[in-house]
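Chain by chain, the residues run as shown.
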Amino acid sequence: MPRTLEQIHRDDSDSSTLRGLVSVLHDKLQLRARYALLEYEAGAEGRPECSELYRALSRIESDQIARLSAALATELYPTDF
C-alpha cells in the first residue's frame, strides 16, 4: 500500500536525503496547486502575459514534480524501479 508524504517523512526520519526529497516535493505540490487560481486571477484582471506565465510555471513545476517523484520512488523501492 502506498504511503503518504507525511508517513515517509515520519518513518524515514533518519535519512536526510529522503527528508529533503519529501520536503521539496511537498512544497512544489503546494505551489503547483496555487497556479490555476493565480492564472485565473491574472486573466480576470486582463493580464494575459501573467496568465501565460503562470501556465508555463505550472508546466515546469509538473516536470519537476515528476522528476522528484521518480527519484523518491527509486530511493524507497530501488528493486521495483
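Residues numbered from 1 in each chain as written. Predicted model: local features only at pLDDT ≥ 70, side-chain atom pairs only at ≥ 80, totals over all residues. Heavy atoms only, no water.

> For this particular structure, what's the right way to read the environment of R19?
Within the secondary structure, R19 sits in helix α2 (residues 16-44). Look at R19 and you get partly exposed, because its relative accessible area is 29%. Each C-alpha atom, one on R19 and one on E6, is 9.9 Å from the other, the two residues being 13 residues apart in sequence. Looking at R19, its side chain comes within polar contact range of the side chain of S16, at 3.4 Å. (Helix = DSSP H or I, 4+ residues; strand = E, 2+ residues; numbered from the N terminus. Buried < 20%, exposed > 50% of the residue type's maximum accessible area, 1.4 Å probe, protein only. Polar contact = N/O pair within 3.5 Å; in protein donor to acceptor, adjacent residues only side chain to side chain.)

> What is the right way to look at the pattern of salt bridges in this model?
Any two side chains of opposite charge can pair, on the condition that their charged atoms come close. Throughout the structure, instances matching the rule amount to 5 salt bridges. Between E39 and R55 there is a salt bridge, and its shortest N-O distance comes to 2.8 Å. Linking E39 in helix α2 with R55 in helix α3 (residues 48-76), this pair joins segments that are 16 residues apart in sequence. A salt bridge links R55 to E52; the nearest nitrogen and oxygen atoms lie 2.3 Å apart. In this pair, R55 and E52 both sit in helix α3, 3 residues apart, roughly one turn of the helix. Residue E52 is classed as partly exposed on the basis of its relative accessible area of 34%. Via salt bridges that share partners, E39, E52, R55 and R59 belong to a single interconnected network. (Salt bridge = Lys/Arg side-chain N within 4 Å of Asp/Glu carboxyl O.)

> Mind showing me how you'd approach α3 here?
Given 3.6 residues to a turn, an α-helix orients residues that are three or four positions apart in the same direction. Over its 29 residues, α3 runs 41 Å from end to end, which matches the ideal 42 Å to within 8%, given 1.5 Å per residue. When we look at burial in α3, the residues that qualify are S51, S58, E61, I65, L68, L72, A73 and L76. (Expected span 1.5 Å × (residues − 1).)

> So what exactly am I meant to see when it comes to the packing of α2 against α3 here?
Any two packed helices are characterised by how steeply their axes cross, that is the angle between the axes, and by the distance between the axes. Contact geometry for α2 and α3: axes closest at 9 Å, N-to-C directions at 160 degrees. Accordingly, the angle class assigned to the pair α2 and α3 is roughly antiparallel. When the axes of α2 and α3 are compared, the crossing they make is left-handed. Split by residue class, the contact of α2 with α3 holds 18 nonpolar, 6 polar and 6 charged. (Axes fitted to C-alpha atoms, helices over the stretch in contact; angles between N-to-C directions. Parallel < 35°, antiparallel > 145°, perpendicular 65-115°, else oblique. Left-handed = near helix turned anticlockwise from the far one by under 90°. Nonpolar A, V, L, I, M, F, W, Y, C, P; charged D, E, K, R; others polar.)

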